[in-house]
Amino acid sequence: MGATVSVKPIVNGEARESQVEPRMLLVHYLREVLGLTGAHVGCDTSNCGACTVLVDGEAVKSCTVLAVQADGAEVTTIEGMGSRDDLHPLQQAFWEEHGLQCGYCTPGMIVAAADLLERNPHPTEEEVRHGLEGNLCRCTGYHNIVKAVMAAAARGGAGVPAGSGGEGVNA
Ligand code: FES
Ligand code: FES
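All values derive from a computational prediction rather than experimental measurement.

Peer 1: Would you mind showing me how to read the domain arrangement of the chain here?
Peer 2: Where interface size is given, it is often the accessible area lost as the parts come together that is meant. The domains assigned to the chain are domain 1 (5–80) and domain 2 (89–154). Distance between the C-alpha centres of domain 1 and domain 2: 21 Å. Each partner contributes to the interface: domain 1 provides 16 residues, whereas domain 2 provides 12 residues. Between domain 1 and domain 2 lies a buried interface of about 1100 Å² when both sides are counted; carbon and sulfur atoms form 60% of it. Looking at the side of domain 1 facing domain 2, the largest losses of area belong to His-40, Thr-52 and Ile-78, adding up to 41% of the total buried there. Where domain 1 packs against domain 2, one counts 0 salt bridges. Linking domain 1 to domain 2 there are 5 residue pairs in polar contact (both at pLDDT 80 or more). Put simply, the parts of the chain that give the side of domain 1 that touches domain 2 at least two residues each are strand S5 (52–55) and strand S6 (58–61).

So, in structure tokens, the structure goes:
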């Protein structure tokens, strides 16, 4: 390992401090250093969106950001969106509407959808499709993903979680 630098993000509400190589990508930091494997690596072209996380409340493809750029930022991964006993409304809706098959794209889809609903709580179907353009799914044909996002929007409170650095649905 070459020279390292200190990075101190708040990840899913927990203050973290690590020494990382300056070239380390945020997605690798989350997965390999912090063990948060919910953000997936699905491409090497910044196209798939499987790695999407929130940085200061905004959806970001974590394969396009260096870990050091998250220094001091609030980072929220799918692990921080909800819990098994207290699902985020989008997680609940994806489950109910069968918005996933293999699940590889799902963490990124849910994080990106939370950002979308934070900015536009009542989107049209067109707006949902447009808003999730940066997230690819090989399995579902997108129909049930869009249905799930619309269902979560109708239920309300489906934006970014409180404490993620954005407005926060419960803030
Ligand atoms: Fe980041 Fe595909 S792994 S966009
Ligand atoms: Fe398999 Fe989307 S559910 S890639």
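Peer 1: So what exactly am I meant to see when it comes to helix H5 (residues 143–155) here?
Peer 2: An α-helical turn contains 3.6 residues, so a residue and the one three or four places further along point in the same direction. The terminal C-alpha atoms of H5, which comprises 13 residues, lie 18 Å apart, in line with the 18 Å expected from a rise of 1.5 Å per residue. Within H5, burial applies to Ile-145, Val-146, Ala-148, Val-149, Ala-152 and Ala-153. The buried side chains of H5 occupy one side of the element, clustering within an arc of 160° when seen end-on. The inward-facing, buried residues of H5 contact helix H2 (89–96), helix H3 (106–119) and helix H4 (125–131). In the segment just after H5, Gly-156 is the residue with positive phi, at about 85°.

Peer 1: How should I be thinking about unusual backbone geometry in this particular structure?
Peer 2: In terms of backbone geometry, most residues other than glycine have negative phi values and most peptide bonds are trans. Here the phi dihedral of His-98 falls at roughly 55°; this positive angle occurs in a residue that is not glycine. In this structure, His-98 sits in the loop between H2 and H3. Residue Tyr-142 is not a glycine yet carries a positive backbone phi of 75°. Structurally, Tyr-142 is set in the loop between H4 and H5.

Reading the values: the criteria
Residues numbered from 1 in each chain as written. Chains lettered and ligands numbered in written order. Predicted model: local features only at pLDDT ≥ 70, side-chain atom pairs only at ≥ 80, totals over all residues. Heavy atoms only, no water. Domains from an automatic or database assignment. Contact = heavy atoms within 4.5 Å. Buried area = accessible area lost by both parts, 1.4 Å probe. Salt bridge = Lys/Arg side-chain N within 4 Å of Asp/Glu carboxyl O. Polar contact = N/O pair within 3.5 Å; in protein donor to acceptor, adjacent residues only side chain to side chain. Helix = DSSP H or I, 4+ residues; strand = E, 2+ residues; numbered from the N terminus. Expected span 1.5 Å × (residues − 1). Buried < 20%, exposed > 50% of the residue type's maximum accessible area, 1.4 Å probe, protein only. Arc of directions from axis to C-beta.

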